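Take a look at the letters that make up each chain.
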Amino acid sequence: MKAMPNEAGLNDTDMAFVALMKPYHQAAIDMDRVILRYSKNSGVSNYATHLIAIQQVKVNQMSNFLSAK
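Can you walk me through the environment of Asn-41 in this structure?
The topology assignment puts Asn-41 in the loop between helix 1 (13–38) and helix 2 (42–68). There is a polar contact of 2.8 Å between the side chain of Asn-41 and the backbone nitrogen of Gly-43. A polar contact of 3.0 Å, which involves the side chain of Asn-41, links it to the backbone nitrogen of Val-44.

When you look at helix 2 in this model, what are you seeing that I'm missing?
Along an α-helix, a turn takes 3.6 residues, which lines up residues three or four apart on a common side. Taking 1.5 Å as the rise per residue, helix 2 with 27 residues should run 39 Å; its terminal C-alpha atoms sit 39 Å apart, in good agreement. Packing partners of the buried residues in helix 2 comprise helix 1.

I would appreciate a short explanation of the packing of helix 1 against helix 2 in the present structure.
Viewed as axis vectors pointing N to C, helix 1 and helix 2 meet at an angle of 155°, and their least axial separation amounts to 8 Å. Considering the angle they form, helix 1 stands roughly antiparallel to helix 2. For helix 1 against helix 2, the interelement crossing comes out left-handed. Classifying every residue of the contact of helix 1 with helix 2 gives 16 nonpolar, seven polar and five charged.

Conventions used here
- Residues numbered from 1 in each chain as written.
- Predicted model: local features only at pLDDT ≥ 70, side-chain atom pairs only at ≥ 80, totals over all residues.
- Heavy atoms only, no water.
- Helix = DSSP H or I, 4+ residues; strand = E, 2+ residues; numbered from the N terminus.
- Polar contact = N/O pair within 3.5 Å; in protein donor to acceptor, adjacent residues only side chain to side chain.
- Expected span 1.5 Å × (residues − 1).
- Contact = heavy atoms within 4.5 Å.
- Axes fitted to C-alpha atoms, helices over the stretch in contact; angles between N-to-C directions.
- Parallel < 35°, antiparallel > 145°, perpendicular 65-115°, else oblique.
- Left-handed = near helix turned anticlockwise from the far one by under 90°.
- Nonpolar A, V, L, I, M, F, W, Y, C, P; charged D, E, K, R; others polar.

The structure is reproduced here in structure tokens:
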């Protein structure tokens, strides 16, 4: 929640959407990393690894969008 923009940073709809969604996707990555650290189930670990890859692409795209504006 600390990474979310303040109210002044939410005037542009596109920027607001991306700025609000980026922490959501980063949180998914962070949670999956915890799973990888503690899970003993290879299926769960494989799925977490897959999710990290997908979410990281999204976070990178959002970071690029935010820095381009």
